[in-house]
Amino acid sequence: MGFSVATWNINSIRLRMPLVEQFLRDYQPDVLCLQETKCPDNLFPFKPLRALGYEHIEISGQKGYHGVATISRRPLVEAEKIGFCDMGDCRHLSAVVEAGSKKLRIHNFYVPAGGDEPDPEINPKFAHKLSFLEEMREIVAERPDGYSSLLVGDLNIAPLENDVWSHKQLLKIVSHTPIETQTLEDLRVKGGWSDLMRHLIPAEEKIYTWWSYRAKDWNAADRGRRLDHIWGSADLESDIKDLQILREARGWERPSDHVPVIATFDLD
């Protein structure tokens, strides 16, 4: 049975609702995890999503900032929200969905960006990011319930050399500094997570999911970074069959600076 999960930092769901609707019509993922929804719960656009067959929706939102939402065509149960760093930010949401014979816990994350200066002593935003990563270590792939696990979202770090347009030039740029990349890889490995994007696409190949708004011609400059990720418990390595990174979405009208990533699994 084919089962697909998409992740997308939408950068305001209300502003980009036409893009979300078009994406759902065209690609029809079973589950869509959105980040940076920037929408308080009482104003979330449930109606148009349900009209497209996505009747099961879990949200964690706040006015103007952050926010995550998990939208599904299948029932979502055991929804949980974890607050990180005692900040009150809405940056995590998990829920369980049945796919074939498996129960799959999907963690939807929006990790803090960290500001511009990669020094926690002088930049509180970067210190917050590092603290958030340390607390993420508690989210592990294998749990006593026996469910399979996915961790998806905008992790705001491009960990590998070919996750950025220039490894050398970005070593001192937030999202690719050694302390960030090493911390993320360490928590991934020790948490039992498989980088499913890199499971299918060799580390020697470039992968980008984000292109800055600052570029006059993002496509020609192509200075991208892989900030969006799909991790899974080890058992899902044999189940993932396809990965789509919708680069063309960066060129849609009034786009997010991130593009959707879709993972398709063959689950019995």
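Quick notes on the rules
- Residues numbered from 1 in each chain as written.
- Predicted model: local features only at pLDDT ≥ 70, side-chain atom pairs only at ≥ 80, totals over all residues.
- Heavy atoms only, no water.
- UniProt positions renumbered as here; feature names shortened; annotations may be inferred.
- Pairing = 2+ DSSP bridges.
- Helix = DSSP H or I, 4+ residues; strand = E, 2+ residues; numbered from the N terminus.
- Axes fitted to C-alpha atoms, helices over the stretch in contact; angles between N-to-C directions.
- Contact = heavy atoms within 4.5 Å.
- 1 Å grid on protein atoms, 1.4 Å probe; cavity = no way out; pocket = protein on both sides within 12 Å on 5 of 7 lines; lining within 4 Å.
- Points joined across faces, edges and corners; volume = space filled by probe spheres on them.
- Nonpolar A, V, L, I, M, F, W, Y, C, P; charged D, E, K, R; others polar.
- Polar contact = N/O pair within 3.5 Å; in protein donor to acceptor, adjacent residues only side chain to side chain.
- Expected span 1.5 Å × (residues − 1).
- Buried < 20%, exposed > 50% of the residue type's maximum accessible area, 1.4 Å probe, protein only.

You'll find the protein entered in an unreviewed UniProt entry as Exodeoxyribonuclease III, with Falsochrobactrum shanghaiense given as the organism. Looking at the protein in UniProt, the text filed under Sequence similarities (unreviewed entry) is "Belongs to the DNA repair enzymes AP/ExoA family."

Engineer: Describe the sheet that holds strand 6 (residues 92–99), and please don't skip the residues or the numbers.
Structural biologist: Overall, mixed pairing links the 6 strands, which are arranged 5-6-7-8-12-9 in an open sheet. Both outer strands of the open sheet, strand 5 (77–80) and strand 9 (193–195), are each paired with one neighbouring strand and no more. Shown here is a sheet whose adjacent strand axes are inclined to one another by a mean of 25°, direction ignored. Both strand 9 and strand 12 (residues 228–233) contribute to a ladder of 3 bridges, which runs antiparallel. Within the sheet, the bridge partner assigned to Ser194 lies in strand 12 and is Gly232. Running at roughly 125° to strand 9, helix 5 (residues 178–190) makes contact with strand 9 and strand 12 of the sheet.

Engineer: I'd like a rundown of the sheet that holds strand 3 (residues 56–62), residues and numbers included.
Structural biologist: With mixed pairing, 6 strands are arranged side by side in an open sheet as 3-4-2-1-14-13. A strand with exactly one partner marks an edge of an open sheet, and here the two such strands are strand 3 and strand 13 (240–245). The average angle at which neighbouring strand axes cross in this sheet is 10°, direction not considered. Bridging between strand 2 (residues 31–35) and strand 4 (residues 65–72) involves 5 bridges; their strand directions are antiparallel. Across the sheet, Gln35 pairs through a bridge with Val68, a residue of strand 4.

Engineer: Go over the layout of surface pockets, please, and point to the residues and values.
Structural biologist: In this structure, the largest pocket encloses a volume near 1200 Å³. The class makeup of the residues in the lining of the largest pocket is 17 nonpolar, 12 polar and 12 charged.

Engineer: Explain the side chain of Asn162 to me, using residue names and the numbers behind them.
Structural biologist: Residue placement: Asn162 occurs in the loop between strand 8 (148–154) and helix 4 (167–170). In this structure the side chain of Asn162 is engaged in a polar contact, spanning 2.8 Å, whose partner is the backbone oxygen of Ala203. Ignoring anything within four residues of it in the chain, the contact list for Asn162 reads Arg198, Ala203, Glu204, Glu205, Lys206 and Ile207.

Engineer: So what's going on with helix 3 (residues 124–136)? Residues and values would help.
Structural biologist: Given a rise of 1.5 Å per residue, 13 residues ought to cover 18 Å, and the 18 Å separating the end C-alpha atoms of helix 3 matches this to within 8%. Every buried residue belonging to helix 3 is among Phe126, His128, Lys129, Leu130, Phe132, Leu133 and Met136, and all of these are buried. Those residues of helix 3 that are buried lie in contact with strand 7 (102–110), strand 8 and helix 5. N-capping of helix 3 is provided by Asn123, with a side-chain oxygen placed 3.0 Å from the backbone N of Lys125.

Engineer: Go over the UniProt feature "site: Transition state stabilizer" (unreviewed entry) in the protein with me, naming the residues and quoting the values.
Structural biologist: According to UniProt, the "site: Transition state stabilizer" (unreviewed entry) feature falls on Asn156. A relative accessible area of 9% places Asn156 in the buried class. Once residues lying within four places of it in the same chain are set aside, the contact partners of Asn156 are Tyr110, Val111, Pro112, Ala113, Lys129, Ser175, Glu180 and Leu227.

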